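Topology and contacts: notes
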Amino acid sequence: MNTKFDEYLDFPCQFPFKILGLADDRLPDMIVEVLQQHAPGDYSPKVRPSSKGNYHSVSVAVTVTSKEHVETLYLKLGEIELVKYVL
């Protein structure tokens, strides 16, 4: 991944992730599990259902330490089976 996060952010910092996935009660727990592996902390994800209820948007702020850390989190969150997009 060739991003420019290091040009725009001063690390460490809080970085907001928005994860869009299938409407499943397990989704927030799966996201927190991945975050705990790569950025241990106390997370309170905010979940918003889509208008038709087929998808959930999960927002969570994570303390990241480097460009590579952000990139790793994008990749690992995207590997969750219920996830469609990581923004």
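Quick look at the structure, then.

The rules behind the values
- Residues numbered from 1 in each chain as written.
- Predicted model: local features only at pLDDT ≥ 70, side-chain atom pairs only at ≥ 80, totals over all residues.
- Heavy atoms only, no water.
- Helix = DSSP H or I, 4+ residues; strand = E, 2+ residues; numbered from the N terminus.
- Rg over C-alpha atoms; globule rule 2.2 N^0.38 Å.
- Buried < 20%, exposed > 50% of the residue type's maximum accessible area, 1.4 Å probe, protein only.
- Contact = heavy atoms within 4.5 Å.
- Areas by Shrake-Rupley, 256 points an atom, 1.4 Å probe, with all protein chains shown as cover.
- Pairing = 2+ DSSP bridges.
- Axes fitted to C-alpha atoms, helices over the stretch in contact; angles between N-to-C directions.

**Things to note about the overall build of the protein**
- Counting secondary structure elements, the protein contains three helices and four strands.
- Listing each helix as α and each strand as β along the protein from the N terminus yields α-β-α-β-β-α-β.
- Relative to a compact globule of 87 residues, whose C-alpha radius of gyration would be 12 Å, the protein shows 13 Å and is just as compact.
- Across its three principal axes, the protein shows a C-alpha extent of roughly 40 × 25 × 20 Å.
- Put simply, the protein has 87 residues, and 39% of those count as buried.
- Sequence separation of 24 or more characterises 73% of the internal contacts of the protein that already satisfy a separation of 6 or more.
- Carbon and sulfur atoms form 49% of the exposed surface of the protein, whose accessible area is close to 5,600 Å².

**Quick look at the sheet that holds strand S4 (residues 83–86)**
- Here we have four strands laid out as an open sheet, ordered S2-S3-S1-S4, and antiparallel in their pairing. The sheet terminates laterally at strand S2 (46–49) and S4, the two strands that pair on one side only. On average, each strand axis in the sheet is inclined to that of its neighbour by 25 degrees, with strand direction left out of account.
- One ladder, built from 10 bridges, connects strand S1 (residues 13–22) with strand S3 (residues 55–64); its direction is antiparallel. Counted as the bridge partner of Gln 14 is Thr 63 from S3.
- On top of the sheet, helix H2 (residues 27–38) reaches S1, S2, S3 and S4; it is set at about 20 degrees to S3, its chief contact.

Remember that the coordinates give geometry; whether it matters functionally is a separate question.
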